[in-house]
Amino acid sequence: MIPFVREFDFAYGRPDRLSPLVERIVAPNPGPFTFTGTGVYIVGRAEAGAGVAVIDPGPLDEGHLRALLGALKGRTVSHILVTHAHRDHYPLAAPLSDMTGASVLAAGGASSTHASDPENLEAGDGAFRPDRMLADGERIMGDGWTLETVATPGHASDHLAFALIEENALFSGDHVMGWSTSVVAPPDGDMAAYLGSLERVSARDFGRLYPTHGAPIEDPAPFLSAYREHRLERERQILARLTAGDTTIRAMVPALYAGVDERLWPAASLSMLAHLIKLVREGRAVADPAPTLDAAYRPA
């Protein structure tokens, strides 16, 4: 079982100091994909005059912008970082950049819209364009802090996490979240890449993870292990359903996601498709005519 963390102390617009170098403000955009809302992180010291970075500024919301600017008052924003180009993460980046003069940095705007689920926040709209593209392993230096980019594709092809070197912590975006598993939705999401990224994060042995949604993960090693095992178990369950005679994603979702909010079933279908694409590539399942949401599947 994944040791989810679903209870944490927050109030919309209230800046909470989580460590000597990390502060968080939660935006008022709760929902089935965003949990309580987008957690915007301010990286840097609290005192006036300090230079800070902002990670995932969040949605376009006037009240949220005012709260964020209030928290930043007296400090200088040197960088605005975006983990990936989904609509609950990046829209406030450009206005914040205009107001502060800080550059917006990200891996790109590759996250594509899912035509099958147009209301899904777990999608990009093609509008995001960073000022500079970041590569894996880059170090961004600030006023007493260092952030290293860690490429974590899977949830999105352009997904980056950011390692805070001074505190051995990782801002994990949507790659790893404490309240739920992450959606891996084709065509941009890739399950094989996602599992590879989980292994990469596990190997770094971080002391704390800061997801964009929900509470920090204080004991990452067992959490990441359970996260990975959950994905592998879902893979085994899909193969078992195929062996039992189910042939479509539509037939399998109610059985495998019976305890999940039905509002999330469209996203669950996309995650199941990601698993099936991986299984077909590996020669463990067959799709007719090709792996899509509406294809017929059988065991290889």
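Now for a look at the structure at hand. (Residues numbered from 1 in each chain as written. Predicted model: local features only at pLDDT ≥ 70, side-chain atom pairs only at ≥ 80, totals over all residues. Heavy atoms only, no water.)

## Regarding the overall build of the protein
For the protein, the count of helices and strands is six helices and 14 strands. Against the 2.2 N^0.38 benchmark of 19 Å for 300 residues, the protein shows a C-alpha radius of gyration of 19 Å, consistent with a compact globule. Counting only C-alpha atoms, the protein reaches 65 × 35 × 35 Å along its principal axes. Burial status across the protein gives 54% buried among its 300 residues. At a minimum sequence separation of 6, the contacts of the protein that also span at least 24 residues come to 63%. By element, 54% of the accessible surface of the protein is carried by carbon and sulfur atoms, the whole surface being about 12000 Å². (Helix = DSSP H or I, 4+ residues; strand = E, 2+ residues; numbered from the N terminus. Rg over C-alpha atoms; globule rule 2.2 N^0.38 Å. Buried < 20%, exposed > 50% of the residue type's maximum accessible area, 1.4 Å probe, protein only. Contact = heavy atoms within 4.5 Å. Areas by Shrake-Rupley, 256 points an atom, 1.4 Å probe, with all protein chains shown as cover.)

## What to know about the packing of helix α3 (residues 191–204) against helix α4 (residues 220–244)
One can describe the packing of α3 onto α4 by two numbers: an axis separation of 10 Å at closest approach and a directional angle of 160°. Considered as vectors, α3 and α4 are oriented roughly antiparallel to each other. Considering only the axes of α3 and α4, their crossing is left-handed. Between α3 and α4, the contacting residues are Met191, Tyr194, Leu195, Leu198, Glu199, Val201 and Ser202 on the first element and Leu224, Tyr227, Arg228, Arg231 and Leu232 on the second. When grouped by side-chain class, the residues that make up the contact of α3 with α4 number eight nonpolar, one polar and three charged. (Axes fitted to C-alpha atoms, helices over the stretch in contact; angles between N-to-C directions. Parallel < 35°, antiparallel > 145°, perpendicular 65-115°, else oblique. Left-handed = near helix turned anticlockwise from the far one by under 90°. Nonpolar A, V, L, I, M, F, W, Y, C, P; charged D, E, K, R; others polar.)

## Looking at the side chain of Asn29
Within the secondary structure layout, Asn29 lies in the loop between β2 (22–26) and β3 (39–43). A relative accessible area of 14% means that Asn29 is categorised as buried. Within the local environment of Asn29, its side chain forms a polar contact with the backbone nitrogen of Thr38, the two atoms lying 2.8 Å apart. Sequence-distant contacts of Asn29, that is, excluding residues within four places in its chain, are made with Thr34, Thr36, Gly37, Thr38, Pro59 and Asp88. (Polar contact = N/O pair within 3.5 Å; in protein donor to acceptor, adjacent residues only side chain to side chain.)

## Focus: helix α6 (residues 265–281)
For α6, spanning 17 residues, the distance from its first C-alpha to its last is 24 Å, which sits close to the expected 24 Å at 1.5 Å a residue. Burial analysis of α6 places 14 of its 17 residues in the buried class, the great majority of the element. Following α6 by one or two positions, Gly283 adopts a phi angle in the positive range, close to 75°. (Expected span 1.5 Å × (residues − 1).)

## Looking at the packing of aromatic side chains
Scanning the entire structure with this criterion turns up ten aromatic pairs. Aromatic pair Phe8 and Phe10: ring centres 4.9 Å apart, planes at 20°, arrangement stacked. The class of Phe8 is buried, set by a relative accessible area of 18%. Taking relative accessible area as the criterion, Phe10 reaches 21% and is therefore assigned partly exposed. Ring geometry for Phe8 against Phe35: centres 6.3 Å apart, planes inclined by 35°, an arrangement best described as tilted. One end of the pair, Phe8, is in the segment before β1 (16–19); the other, Phe35, is in the loop between β2 and β3, with 27 residues separating them in the sequence. This pair shows no difference in class: Phe8 is buried, exactly as Phe35 is. Cluster of aromatic residues (ring-pair linked, three or more members): Phe8, Phe10, Tyr12, Phe35 and Trp179. In this arrangement the basic side chain of Arg234 is found over the ring face of Tyr257, its NZ or CZ atom lying 4.2 Å from the centre. (Phe/Tyr/Trp six-rings, centres within 6.5 Å; stacked < 30°, edge-to-face > 60°. Lys NZ or Arg CZ within 6 Å of the ring centre and 35° of its normal.)

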